[in-house]
Amino acid sequence: MADWRLINVLVLGIGFMFIFSAFQTCSMVEQTVITDARDAPNSTFTGNGYTSLATIYVVFAAANWIAPSVVALCGPKWSMVLGGFLYLLFIASFLYPMTWALYVGSVLVGIGAAVLWTAQGSFLTLNSDAETVGRNSGIFWALLQSSLLIGNLFSYFELRGATTISDSRRTVLFGVFSGACFLGVLSFVFLRKAPFTSSKEIQNVNISSSGIRTGPGEPNGTEVVNVMEDRPAGPVKALVQSFKLMATKNMLLLSVCFAYTGLELTFFSGVYGTSVSNTKILKDPDALIGICGMFIGAGEIIGGAAFGLLGKRTNRFGRDPIVLLGFLVHTVAFFLIFINIPDIAPIDKTQDVAYFYSVFPNEYVAVLCGFLLGFGDSTFNTQIYSILGFMYPDESAPAFALYKFMQSLAAAVAFFYSDVLMLKWQLLILQVMCVLGSFCFFIVEWGASHLHGPGMYTSID
């Protein structure tokens, strides 16, 4: 008999792989593409890539408060179709750059992202239980981040040897991206309704079912329910749940870690590629964006696959060792970037050497740093997915919406300062937040295991 929950997770991951093969590569090259479009002869285009990306994440942050209501009304499946379609509109706007279209598209994709990611978190939880949540989050994360390999591989071959991104190159690039995004949206149509799940099994996602708070009238024992699909929370109730959850102790602590993932998301998805491209002392720096992106993806895939396979051991011994590994990996990456990439590179093209004048920028170190950024990111995000799935199975939509709210708000702030601050200050902010985010995650993990014993992860607010 087919395991439709696993099939759903695979189709979900494939859909996101197509959409983000387009969008994540688009984010990495956006500032470079827009700069070349703005500098073209007789161009009337005045858009700014960092401003566009900041707009996306500001709207994303705000829209996360209404996203659970949209998911409650439409259901996870059709919410993902809607969100993915808005991504498609944004990507297609680059086929013929117009300033108004860039910023309108940025607003639309911000709304679409909030709906898409909230629905994804809910759908993944509906198709997981205590035994499979770690595996499923790892499978999804690996498929999602394989998009960085696919999109950036295409980007590398398309931009190799180019000194600027011409109209014809841009048309091919974003024509292919638009087609990939369409395939991703289409795949969501084939998702099946989550199989019926007993409330006892849902509770077991928290391991300690007695620690889960259920609302009045919710079934107990082994009555059969289909969470959110057959008995969706109303849109007003979903919004109220989000505000209540935000005020809890554990969610406030986790929000610091959420914010760090937003800052480093901005750095590896937008700032680092631009910095590499602007370091003109490197060999073929525009094409090197694609290579760095592929190694970011390789790090994400290896991390997601490894921590998915180790899901049962994670549940038993805790998530903090994996987060500690991510902290150490990112610390090394930030130091290597500091000594390898010129300070002015996030802002302008340069022929300068790195911070230490005896150290010249090196392509291999740049690629290695891409891998470390991706691997470290996978440690934080897979463990956040895991802990939210364990702690909030009955409040999955609000919990994942708050995660994306804090992440996207921090990402928006980072994109605003990315066009102003030198590289060393951006790296310092990242390192401080890495320490704080990791520490807050450890507190939540320690509190859960201290109250309920090893492996007992439950909502303890």
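Residues numbered from 1 in each chain as written. Predicted model: local features only at pLDDT ≥ 70, side-chain atom pairs only at ≥ 80, totals over all residues. Heavy atoms only, no water.

Let us now look at the overall build of the protein chain. Along the protein chain, the regular secondary structure elements total 15 helices and two strands. Within the protein chain, the fraction of its 461 residues that count as buried is 60%. Counting contacts in the protein chain only where the partners sit at least 6 residues apart, residues at least 24 apart contribute 84% of the total. With an accessible surface of roughly 17300 Å², the protein chain has 70% of that area assigned to carbon and sulfur atoms. (Helix = DSSP H or I, 4+ residues; strand = E, 2+ residues; numbered from the N terminus. Buried < 20%, exposed > 50% of the residue type's maximum accessible area, 1.4 Å probe, protein only. Contact = heavy atoms within 4.5 Å. Areas by Shrake-Rupley, 256 points an atom, 1.4 Å probe, with all protein chains shown as cover.)

Moving on, we get to the pattern of salt bridges. Tallied over the entire structure, the rule returns four salt bridges. In this structure, Asp167 and Arg170 form a salt bridge, with 2.9 Å as the shortest nitrogen-oxygen distance. One end of the pair, Asp167, and the other, Arg170, are both in helix α6 (residues 167-188), three residues apart, so they sit about a helical turn from each other. (Salt bridge = Lys/Arg side-chain N within 4 Å of Asp/Glu carboxyl O.)

A word on the nonpolar core. One finds Phe16, Tyr87, Trp117, Tyr272 and Leu388 to be the most contacted residues of the largest nonpolar core, which totals 117 residues. Two domains each donate at least three residues to this core, and these are domain 1 (1-192) and domain 2 (235-451). Filtering out sequence-adjacent residues up to four positions away, Tyr87 remains in contact with Ile19, Phe20, Phe23, Val109, Gly112, Ala113, Leu116, Trp117 and Cys181. (Core = buried A, V, L, I, M, F, W, Y, C linked by side-chain atoms within 4.5 Å. Domains from an automatic or database assignment.)

What follows concerns unusual backbone geometry. Not every positive phi belongs to a glycine, and Asp284 is a case in point at roughly 50 degrees. Residue class for Asp284 comes out partly exposed when judged on its relative accessible area of 28%.

Attention now goes to α6. For an α-helix, the turn length of 3.6 residues means that residues three or four places apart are oriented alike. Taking 1.5 Å of rise per residue, the 22 residues of α6 would be expected to cover 32 Å, and the 32 Å separating its terminal C-alpha atoms lies within 8% of that figure. For α6, every residue scored as buried is listed here: Arg170, Leu173, Phe174, Phe177, Ser178, Ala180, Cys181, Gly184, Val185, Ser187 and Phe188. Those residues of α6 hidden inside the fold are in contact with α1 (4-39), α3 (67-92), α4 (99-126) and α5 (133-159). (Expected span 1.5 Å × (residues − 1).)

With that out of the way, let us pick up the packing of helix α2 (residues 49-63) against α4. Two numbers describe how α2 lies on α4: the axes approach to 7 Å, and their chain directions differ by 40 degrees. Of the possible angle classes, the one that applies to α2 and α4 is oblique. Crossing of α2 over α4 shows right-handed handedness. Residues Thr51, Ser52, Thr55, Ile56, Val59, Phe60 and Ala63 of α2 touch α4, and the partners they reach there are Leu102, Tyr103, Ser106, Val107, Val109, Gly110, Ile111, Ala113, Ala114 and Trp117. (Axes fitted to C-alpha atoms, helices over the stretch in contact; angles between N-to-C directions. Parallel < 35°, antiparallel > 145°, perpendicular 65-115°, else oblique. Left-handed = near helix turned anticlockwise from the far one by under 90°.)

Time to look at a nonpolar patch on the surface. A cluster of nonpolar side chains, Trp78, Phe182, Leu183, Leu186, Val189 and Phe190, forms an exposed patch at the surface whose accessible area comes to about 600 Å². Counting through the fold element by element, Phe190 comes out in the loop between α6 and β1 (197-198). With a relative accessible area of 59%, Phe190 lands in the exposed category. (Patch = residues over 30% accessible without salt bridge, like charges linked within 9 Å, V, L, I, M, F, W, Y side chains within 5 Å.)

Let's shift gears to α5. The first and last C-alpha atoms of α5 sit 39 Å apart over 27 residues, in line with the 39 Å expected at 1.5 Å per residue. Following α5 by one or two positions, Gly161 has its phi on the positive side, about 80 degrees.

Below, the discussion takes up the packing of aromatic side chains. All told, the structure shown has 22 aromatic pairs when counted by the stated rule. Look at Phe267 and Tyr272: their rings are 6.0 Å apart centre to centre, the planes differ by 35 degrees, and that puts the pair in the tilted class. There is no split in this pair, since Phe267 and Tyr272 are both buried. Put simply, the rings of Phe16, Phe20, Phe23, Tyr87, Phe90, Phe94, Trp117, Phe140, Phe154, Phe174, Phe177 and Phe188 touch in pairs and so form one group of aromatic residues. Sitting over the ring of Trp4, Arg192 keeps its end group 3.8 Å from the ring centre. (Phe/Tyr/Trp six-rings, centres within 6.5 Å; stacked < 30°, edge-to-face > 60°. Lys NZ or Arg CZ within 6 Å of the ring centre and 35° of its normal.)

A word on the state of the cysteines. Inspection of the entire model under this criterion finds zero disulfides. Here Cys440 stays unpaired: no disulfide links it, and the sulfur of Cys257, its closest cysteine neighbor, is 8.1 Å away. Exposure remark for Cys440: the relative accessible area of 11% places this residue in the buried category. (Disulfide = S-S within 2.5 Å.)

Helix packing geometry: the angle between the two helix axes and the distance between the axes. Contact pair α1 / α2: the axes reach a minimum separation of 8 Å and the direction vectors enclose 145 degrees. Contact residues: α1 offers Phe23, Ser27, Glu30, Gln31 and Ile34, while α2 offers Gly49, Tyr50, Ser52, Leu53 and Ile56. A breakdown of the residues in the contact of α1 with α2 according to their chemical character gives five nonpolar, four polar and one charged. (Nonpolar A, V, L, I, M, F, W, Y, C, P; charged D, E, K, R; others polar.)

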